[in-house]
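Structural overview
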Amino acid sequence: MRSALLVAGTTSDAGKSVLAAGLCRWLTRRGVRTAPFKAQNMSNNSVVTQDGGEIGRAQALQAAACGLEPSVRFNPVLLKPGGDRSSQVVVLGRVVGEVSALSYRARKAELLTTVLATLDGLRDEFEVVVCEGAGSPAEINLRADDIANMGLARAADLPVLVVGDIDRGGVFAHLFGTLALLDPADQALVGGFVVNKFRGDPALLEPGLRQLGALTGRPVYGVLPWREELWLDAEDSLSYAADGVIGRPEPPRGGQWLRVAVVRLPRISNATDVEALACEPGVSVRFVTEPSRLADADLVVVPGSKATVADLKWLRDTGLADAIAAHDGPVLGLCGGFQMLGRTIEDEVESKAGAVAGLGLLDVDVRFAPDKTLRRPHGTALGEPVTGYEIHHGVVTRNGEQGLVALPDGTPEGAVRGRVAGTHWHGLLENDAFRREFLRWAAGHAGRDGFTPAPDVDFAGRRAAQLDLLGDLVADHLDTDAVWALLERGAPAGLPVIPPAGAPPVA
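These numbers were taken from a predicted model, which means no experiment stands behind them.

Cut-off values and rules
- Residues numbered from 1 in each chain as written.
- Predicted model: local features only at pLDDT ≥ 70, side-chain atom pairs only at ≥ 80, totals over all residues.
- Heavy atoms only, no water.
- Helix = DSSP H or I, 4+ residues; strand = E, 2+ residues; numbered from the N terminus.
- Buried < 20%, exposed > 50% of the residue type's maximum accessible area, 1.4 Å probe, protein only.
- Lys, Arg positive; Asp, Glu negative; His and termini not counted.
- Salt bridge = Lys/Arg side-chain N within 4 Å of Asp/Glu carboxyl O.
- Polar contact = N/O pair within 3.5 Å; in protein donor to acceptor, adjacent residues only side chain to side chain.
- Contact = heavy atoms within 4.5 Å.
- 1 Å grid on protein atoms, 1.4 Å probe; cavity = no way out; pocket = protein on both sides within 12 Å on 5 of 7 lines; lining within 4 Å.
- Points joined across faces, edges and corners; volume = space filled by probe spheres on them.
- Nonpolar A, V, L, I, M, F, W, Y, C, P; charged D, E, K, R; others polar.
- Pairing = 2+ DSSP bridges.
- Core = buried A, V, L, I, M, F, W, Y, C linked by side-chain atoms within 4.5 Å.
- Axes fitted to C-alpha atoms, helices over the stretch in contact; angles between N-to-C directions.
- Phe/Tyr/Trp six-rings, centres within 6.5 Å; stacked < 30°, edge-to-face > 60°.
- Lys NZ or Arg CZ within 6 Å of the ring centre and 35° of its normal.

With that out of the way, let us pick up the side chain of glutamate 413. Tracing the backbone shows glutamate 413 in strand S26 (residues 412-413). For glutamate 413, which is buried and forms no salt bridge, the nearest opposite charge comes from arginine 375, at a distance of 7.0 Å. One polar contact links glutamate 413 to threonine 423, side chain to side chain, over a distance of 2.8 Å. Within the structure, the side chain of glutamate 413 is placed 2.9 Å from the backbone nitrogen of histidine 424, a separation counted as a polar contact. Those residues in contact with glutamate 413, other than ones at most four positions away along the chain, are Gly403, Leu404, Val405, Leu407, Thr423, His424 and Trp425.

With that out of the way, let us pick up the layout of surface pockets. Size it by volume and the second largest pocket reaches roughly 610 Å³. Of all the secondary-structure elements, those providing two or more residues to the lining of the second largest pocket are strand S4 (46-48), helix H2 (57-65) and helix H14 (459-477). Here the lining of the second largest pocket gets 4 residues from one element, more than from any other, and that element is H2. Looking at the lining of the second largest pocket, its residues break down into 11 nonpolar, 4 polar and 6 charged.

Moving on: the side chain of asparagine 45. Structurally, asparagine 45 can be placed in the loop between strand S3 (40-42) and S4. Engagement of the side chain of asparagine 45 in a polar contact is seen with the backbone nitrogen of asparagine 270, the distance being 2.6 Å.

Tallying each qualifying case throughout the model produces 1 cavity of 30 Å³ or more. The calculated volume of the largest cavity comes to roughly 170 Å³. For the largest cavity, the lining is made up of 19 residues, of which Ser305, Lys306, Glu350, Ile391 and His392 are closest to its centre. Within the residue set of the lining of the largest cavity, elements represented by two or more residues are strand S17 (304-305), helix H12 (336-341), strand S21 (364-375) and strand S24 (390-399). Taken together, the residues that form the lining of the largest cavity break down as 3 nonpolar, 12 polar and 4 charged.

Within the secondary structure, proline 492 sits in the segment after helix H15 (480-489). C-alpha separation for the pair proline 492 and glycine 191, spaced 301 residues apart in sequence, amounts to 6.9 Å.

Burial of the side chains of strand S16 (residues 299-302) extends over both faces: Leu299 and Val301 are buried on one face and Val300 and Val302 on the other. Pairing geometry for strand S13 (residues 258-263) and S16, over 3 bridges, is parallel. In the sheet register, valine 262 faces S16, and the bridge partner there is valine 301. Judged from the 3 bridges that link them, S16 and strand S18 (residues 331-334) form a sheet pairing that is parallel. In the strand pairing of S18, valine 302 is matched with glycine 333.

On to the nonpolar core. If you look at the biggest cluster of nonpolar residues, it comprises 68 residues, and the most contacted ones within it are Val285, Leu315 and Ile324. The leading source of residues in this core is helix H13 (residues 432-446), at 6 residues. Look past the residues within four positions of valine 285 in its chain and what remains in contact with it is Gly244, Val245, Ile246, Val260, Val262, Val274, Leu277 and Ala278. Core analysis: the second largest hydrophobic core is formed by 45 residues, Phe37, Phe126, Met150 and Leu175 among them.

Each strand in a sheet pairs with another by means of backbone hydrogen bonds, the pair being arranged parallel or else antiparallel. Taken in spatial order, the 6 strands of this open sheet run S15-S13-S16-S18-S28-S27, and their pairing is mixed. Either end of the sheet is taken by a strand with one partner, and the two such strands are strand S15 (283-288) and strand S27 (415-417). The mean angle between the axes of side-by-side strands here comes to 15°, regardless of whether they run parallel or antiparallel. Bridge count for S27 against strand S28 (residues 420-423) is 3 bridges, and the pairing is antiparallel. Residue pairing for S28: alanine 415 is matched across the bridge by glycine 422. The sheet strands contacting H13 are S13, S15, S16, S18 and S28, and the helix crosses S13 at an angle near 100°.

To continue, consider the packing of aromatic side chains. In total, this model carries 3 aromatic pairs according to the counting rule given. Centre to centre, the rings of tryptophan 26 and tryptophan 484 are 6.2 Å apart; their planes meet at 90°, and the pair counts as edge-to-face. Remark: tryptophan 484 occurs in helix H15 and tryptophan 26 occurs in helix H1 (residues 16-29); sequence separation between them is 458 residues. Assessed through its relative accessible area of 6%, tryptophan 26 is described here as buried. Here phenylalanine 434 and phenylalanine 438 contribute two aromatic rings whose centre-to-centre distance is 6.1 Å and whose plane-to-plane angle is 25°, an arrangement assigned as stacked. In this pair, phenylalanine 434 and phenylalanine 438 are both assigned in helix H13, 4 residues apart and thus about one turn of the helix distant. Among the aromatic residues, those joined into a ring-pair cluster are Phe434, Phe438 and Trp441. The ring of tryptophan 484 carries the charged tip of arginine 30 above its face, separated from the ring centre by 4.6 Å.

Encoded structure:
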């Protein structure tokens, strides 16, 4: 068997990533050699692969669902927005330049060649490739040069499942309308639908599912229920709860909570770094966007950024910079946040702003290099062995502080001064023993003597359990026989065309 399918969504965050991961887990548990694939991802949440490249974090999670190490082949094109109208372009793990929305369209034909060659290679190596679309396939203004949704499906002859999020409301209109806006040849590849995030009695939904099937000639393959446990590895920070809370805080093991405020930068990257903190009992983690939210925080985290200098200016414009400087508890800077906490940033690469003053909380100077640092280092921090990954242009040119991490050769990485710490490493907080020591350090500087870190939180185990849950949801709530038939035979022939497909364009 050498097959593939595309999981498309009615909207961004409809559930494409989690459904694709669930399908990957379900197939892998059946003994099917499976790989994930996303032709083009737009995200500032990325990871470093074993082969030294960079891909979207969602594809790394899907790779884990397949029992595979992340590879640049799983996400050949990654766009990392640095502003509202420009993005860094990463092809097969390496930066190839910056583009605007319009200039990028001119490059799509050559990128499609790369995408199809990469997908063909995966199809030769694996029995099934589960492809994830991007945004919505019904973005008709972008269809002519699409390489991630129906453009990919047509070029690679992929059957398509369309998933819609019922929690947003209007899911039947979303599913029907998505199909109806596709042209006839695109519609012919859409085998059916999946409803995501349903809360309630499925019997109440059944009449709507039948009518959608009658209107479109296509089945609903299943209804995935809402599960509160599925919050790790969000594709971007907008996926978190509306009130800014990350995860589902558990009661403390000791007598006090530790309250963590994570600054939600406009161009935040790798927001998932703080999810490991949110897994800890007694740790309440919240995104904040204005200074008053720091007043009752014990620990302040300044996360990574795809636009460090611009986000530093935003900190100053909003008053958050002054609030961070005045905070009398611990502060942690991660990657771009670490750079902001330093003395100076010299940037002729990303913002081209030249020399810019940092917040001055750490005696560190940073210069942006043209080439991006991409690596997966290991070392020791707070007396514990640690691993992580680095994705940054900034290079520390002078460090007057003690290092946070010691590399194997003794070279210091990051910086610590009293209650302020910073590192270029992502994933550092995912090291369980280090995280517990860090929480003790933070609680001590915050005066939270009643806070006790839990001794038994296994972050990697939590992530694996989430992937198993996704596989269970697919096995228990989808018509897996129908999914299997879609993989083996493709979309059925003779599916009806839903108007207005085929109508002449409006003058």
